[in-house]
Amino acid sequence: MNITRDIFYVGVNDHKIDLFEGQYDVPNGMAYNSYLIADEKIAVMDSVDAKFTHEWLDNIEKAAAGRKPDYLVVQHMEPDHSANITAFMNNYPEAVIVSSAKAFTMMKNFYGKDYEDRRIVVAEGSTLELGTHTLSFIGAPMVHWPEVLMTYDSTDKVLFSADGFGKFGALDADEDWACEARRYYFGIVGKYGAQVQAVLKKAASLEISAICPLHGPMLTENLEYYIGLYDTWSSYGIESDGIVICYTSVYGNTKKAVESLAEKLRARGCPKVAVNDLAREDMAECVEDAFRYGKIVLATTTYNAEIFPFMREFINHLTERGFKNKTVALIENGSWAPLAAKTMRNMLEGCKNLTFTDTTVKITSALDETSSAQIDALADELCMDYMAQDNSTANKNDLSALFNIGYGLYVVTSNDGKKDNGLIVNTVTQVTSSPNRVAVCINKQNYSHHIIEQTGVMNVNCLSVDAPFSVFEKFGFKSGRNTDKFEGTEVLRSDNGLVFLPRYINAMMSLKVVQYVDLGTHGMFICDVTEARMLSDRETMTYTYYQKNVKPKPQTEGKKGFVCKICGYVYEGDELPDDFICPLCKHGAADFEPIQ
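From a predicted model like this one, the values you see are computed outputs, not experimental measurements.

Parameters and conventions
Residues numbered from 1 in each chain as written. Predicted model: local features only at pLDDT ≥ 70, side-chain atom pairs only at ≥ 80, totals over all residues. Heavy atoms only, no water. Helix = DSSP H or I, 4+ residues; strand = E, 2+ residues; numbered from the N terminus. Rg over C-alpha atoms; globule rule 2.2 N^0.38 Å. Buried < 20%, exposed > 50% of the residue type's maximum accessible area, 1.4 Å probe, protein only. Lys, Arg positive; Asp, Glu negative; His and termini not counted. Charge placed at Lys NZ, Arg CZ, Asp CG, Glu CD. Contact = heavy atoms within 4.5 Å. Expected span 1.5 Å × (residues − 1). Arc of directions from axis to C-beta. Polar contact = N/O pair within 3.5 Å; in protein donor to acceptor, adjacent residues only side chain to side chain. Axes fitted to C-alpha atoms, helices over the stretch in contact; angles between N-to-C directions. Parallel < 35°, antiparallel > 145°, perpendicular 65-115°, else oblique. Left-handed = near helix turned anticlockwise from the far one by under 90°. Nonpolar A, V, L, I, M, F, W, Y, C, P; charged D, E, K, R; others polar. Phe/Tyr/Trp six-rings, centres within 6.5 Å; stacked < 30°, edge-to-face > 60°. Lys NZ or Arg CZ within 6 Å of the ring centre and 35° of its normal. Pairing = 2+ DSSP bridges.

Peer 1: Just to check I follow, could you spell out the overall build of the protein chain for this structure?
Peer 2: Along the backbone of the protein chain there are 16 helices and 34 strands. Here the protein chain has a C-alpha radius of gyration of 27 Å; the compact-globule value for 596 residues is 25 Å, and the two agree. Counting only C-alpha atoms, the protein chain reaches 85 × 70 × 40 Å along its principal axes. The buried share of the protein chain, taken over its 596 residues, is 54%. Charge centroids of the protein chain, computed over 57 positive and 80 negative side chains, lie 3 Å from each other.

So, in structure tokens, the structure goes:
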């Protein structure tokens, strides 16, 4: 199978496997991908599982068209990708292995040889010339083993991504990519989000036309979609709006409570309620849902003075994978000494940035009037933002929204008559309470200033502390004049017709301009509040919090050059060109400073 004119697929499909890595159910099999680059020199990218030696060697022979490979590039040493190294080297005695130093150590551990006389050791920044094709190596340690390399072919602009962007399922399986890629990511790679983020940052400066992983299909279209999902997953962000309930039940009473809560959540506007019985559902699917949604309800019985075994196993899966940035609600059941909520909370103690609901449901054997009221209260708390987003259920005169104004960070949305727009501002102030008026300062160079000056209306979205860096990239690093910042997203609108954000905000206000003050570089819009909604009780994102906890820390250790003050991109070199543009945030050389 041709991927490009010179790159061929030589991998195999495994339809006999039932459990991948001895634990993950793979009803549609598994693909072990390998690739051949035919140039003046021939390079084969990785091998396949031990069960497919001859099929793989046949594929190489056919793709090589009578020639013999010169190199075997080993990106990852897991046996499903490295098991045929020995067979390859025996079959092609003139070939050379290209890999990382750690991989050669593992090679000897696995197969008894490290090919000291037939190897090239490469690392971050190393290159391999094949002729017209140049391979550049990208260090990807702990994605998801320490020896991993990714490889970029600058000629065809192909990224060979090792286990990154892989999925369960053979190549001939007709199934949704995201579902099985998500289960694969959180099951296998999920613990190493920081390392994946580091690799994504490196890849941001590359022009990529195709991604070739070691499992799953080659990705050649809509690459922003796949990279965007990986960015969300590896930053532990919210992929889908909704709430997942994971429960165990012995005699059915906890299940009844869960079913009651699920019904009430749907009635209060929750767009998706996923309910998983941990004793019956595939555990990997349940873990996938836990990371996919922003809110999770854990419901279980007290069992041997702790919790039911399936719940304990589930929480262990979460903590092992760095579970964080979620809202967590607890439901416990116990006939004489309920301890489940305390146990679950203690097990999650090491997880970062978890917000526990004020309401914990306590059932003593079966639902009664008290515990039913607690379920109502929990549904109200979990759906506060959904009810505020819905025009039919929102309290549109909740002026306590004004209390969330501080020296914080906000997204101001507007519309130029053709498309919606938004930008980050940090100067929003309540100036009077009777009438309720708010002042918003915007730099005149921003396109939003021009729009609001013409239309006289805007929405202020008060960012909360759960807002990820991607929000600031989207609304702070691009101009709305030439970018549709809401393209491809389903939007929510207030009564004035303008967009407000569906997540990462704790309040929104619709404003109508009544006065304009020219401040030189900036303009101050003094506005009446026409609508105000509270969407959550999370703290407002302050500029200080953003700098300390959200903005990525630039990786400057041991490097010489310049760092972008806006996004942290590092330019290595003695001099920064005057016309240099940051590949991440698109700011110019003026926003760079020397690495100290």
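There's more to say after this.
Peer 1: Looking at this model, I keep getting lost on the environment of Ile424. Mind explaining?
Peer 2: Structurally, the position occupied by Ile424 is in strand β24 (residues 420-425). Spatially, the C-alpha atoms of Ile424 and Ile442 are 9.3 Å apart, while their sequence positions differ by 18 residues. Not counting residues within four places of it along the chain, the set of residues in contact with Ile424 comprises Leu409, Tyr410, Val411, Leu463, Val471, Phe472, Phe475 and Gly476.

Peer 1: For this particular structure, what's the right way to read helix α12 (residues 369-382)?
Peer 2: Since one α-helical turn is 3.6 residues long, residues separated by three or four positions face the same way. For α12, with 14 residues, the first-to-last C-alpha span of 20 Å sits near the 20 Å given by 1.5 Å per residue. Residues of α12 that are buried: Ser371, Ile375, Leu378, Ala379 and Leu382. Each buried residue of α12 lies within a common arc of 100° when the element is viewed along its axis, so the set occupies one face. Seen from the open side of α12, the exposed residues pointing more than 90 degrees away from its buried face are Glu369 and Thr370. The inward-facing, buried residues of α12 contact β16 (240-247), α8 (253-267), β18 (293-303), β20 (327-333), β22 (361-363) and α13 (384-389). Capping of α12 at its N-terminal end is provided by Asp368; its side-chain oxygen lies 3.2 Å from the backbone amide nitrogen of Thr370.

Peer 1: I keep staring at the packing of helix α9 (residues 283-292) against helix α10 (residues 309-320) and nothing clicks. Help me out?
Peer 2: Viewed as axis vectors pointing N to C, α9 and α10 meet at an angle of 55°, and their least axial separation amounts to 10 Å. The orientation of α9 relative to α10 falls into the category oblique. Crossing hand, α9 versus α10: right-handed. Counting all contacts with α9, which are made through Met283, Cys286, Val287, Ala290 and Phe291, the residues of α10 involved are Phe310, Glu313, Phe314, His317 and Leu318. Grouping the constituent residues of the contact of α9 with α10 by class yields eight nonpolar, one polar and one charged.

Peer 1: Where do I start with the packing of aromatic side chains in this structure?
Peer 2: The geometry of an aromatic ring pair is captured by two quantities: the separation of the ring centres and the angle between the planes. For the structure on display, the rule yields 32 aromatic pairs. Aromatic side chains Tyr32 and Phe52 sit 6.0 Å apart centroid to centroid with 50° between the ring planes, which places their arrangement in the tilted category. Of the two residues, Tyr32 sits in strand β5 (residues 30-32) while Phe52 sits in the loop between β7 (42-45) and α1 (53-64), which places them 20 residues apart along the sequence. Their ring planes at 45° and their centres at 6.4 Å tell us that Tyr236 and Phe291 sit as a pair that is tilted. Note that Tyr236 is positioned in the loop between α7 (223-234) and β16 and Phe291 in helix α9, a separation of 55 residues in sequence. Here Tyr236 and Phe291 have matching classes, each one buried. Three or more aromatic residues link up through ring pairs in this structure, and these residues are Phe165, Trp177, Tyr185, Phe186, Tyr225, Tyr226, Tyr230, Trp233, Tyr236, Phe291 and Phe323. Just above the ring of Phe104 sits the side chain of Arg119; from NZ or CZ to the centre is 4.8 Å. Lying across the ring of Phe356, Arg345 places its NZ or CZ 4.1 Å from the centre.

Peer 1: I would appreciate a short explanation of the environment of Thr360 in the present structure.
Peer 2: Counting through the fold element by element, Thr360 comes out in the loop between β21 (355-356) and β22. Placed 67 residues apart in sequence, Thr360 and Tyr293 show a C-alpha to C-alpha distance of 20 Å. Residues contacting Thr360, with those up to four places away along its chain left out, are Leu330, Ala341 and Gln374.

Peer 1: Explanation requested: the sheet that holds strand β13 (residues 149-153) in the structure shown.
Peer 2: Paired through their backbone hydrogen bonds, the strands of a sheet run either parallel or antiparallel. Taken in spatial order, the five strands line up as β11-β12-β13-β14-β15 in an open sheet, and their pairing is mixed. What marks the edges here is a single partner per strand, and that holds for β11 (127-129) and β15 (210-212). Neighbour-to-neighbour, the strand axes of the sheet open up by a mean angle of 20°, direction not taken into account. Bridge analysis of strand β14 (residues 158-160) against β15 gives three bridges, and the strand direction is parallel. For Leu159, the partnering residue across the bridge sits in β15 and is Ile211.

Peer 1: When you look at the sheet that holds strand β34 (residues 592-594) in this model, what are you seeing that I'm missing?
Peer 2: If you trace the three strands from one edge of the open sheet to the other, you get β33-β32-β34, paired in antiparallel fashion. Bordering the open sheet on either side are β33 (570-572) and β34, each of which pairs with just one other strand. Ignoring which end each strand starts from, the neighbouring axes of this sheet average 25° apart. Bridge analysis of strand β32 (residues 561-564) against β34 gives three bridges, and the strand direction is antiparallel. The partner of Cys564 across the bridge, within β34, is Phe592.

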